[in-house]
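Chains, contacts and geometry: an overview
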Amino acid sequence: MEFIWSLIIGGVIGWLAGIIIGRDVPGGVIGNIIAGFIGAWLGSFLLGGWGPVIGGFFIIPAIIGAIIVVFIVSIILRNVRRTS
């Protein structure tokens, strides 16, 4: 059950990051989950573990990390589309 809860929270974190910066996460729900998980790892690595914990994620660093991930992925995909 904890794994399912982590998937849900990871998806919500990725979705929030996309809304905050105004860019869609490629891949829909799966993309949101991946951005949330990678963002949570990146945020915890860069900012440490602080703030409230939900589903095994420190929410504030996870959202900040997911914003960074969504921004970088959207820039990369925009450049790939432009060159194709």
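For the structure given in this document, a descriptive report is provided here.

1. With respect to the overall build of the chain
What the chain contains, in helices and strands, is three helices and two strands. Reading the chain from its N terminus to its C terminus gives the helix and strand order α-α-β-β-α. Its C-alpha radius of gyration of 13 Å places the chain within 12% of the 12 Å reference for a compact globule of 84 residues. Principal axes of the C-alpha set define a box for the chain whose edges measure 40 × 25 × 20 Å. A total of 84 residues make up the chain; the buried ones form 35% of that total. Considering only contacts in the chain between residues 6 or more positions apart, those separated by 24 or more positions represent 57%. Accessible area of the chain: about 5200 Å², with a carbon and sulfur share of 75%.

2. What about the nonpolar core?
Formed by 14 residues in total, the largest nonpolar core has its most connected members in Ile9, Ile13, Ala35, Phe57, Ile59, Ala62 and Val70. Secondary structure elements with two or more residues in this core: helix H1 (2-21), helix H2 (28-47) and helix H3 (59-83). If you tally residues by element for this core, the top one is H3, at six residues. Discounting residues that sit within four places of it in the chain, Ile59 has contacts with Ile9, Ile13, Pro52 and Ile54.

3. Some details on the environment of Phe3
The topology assignment puts Phe3 in helix H1. Sequence spacing of Phe3 and Trp15 is 12 residues, and the spatial spacing of their C-alpha atoms is 18 Å.

Rules behind the numbers
- Residues numbered from 1 in each chain as written.
- Predicted model: local features only at pLDDT ≥ 70, side-chain atom pairs only at ≥ 80, totals over all residues.
- Heavy atoms only, no water.
- Helix = DSSP H or I, 4+ residues; strand = E, 2+ residues; numbered from the N terminus.
- Rg over C-alpha atoms; globule rule 2.2 N^0.38 Å.
- Buried < 20%, exposed > 50% of the residue type's maximum accessible area, 1.4 Å probe, protein only.
- Contact = heavy atoms within 4.5 Å.
- Areas by Shrake-Rupley, 256 points an atom, 1.4 Å probe, with all protein chains shown as cover.
- Core = buried A, V, L, I, M, F, W, Y, C linked by side-chain atoms within 4.5 Å.

Function cannot be inferred from these measures alone, as they are strictly geometric.
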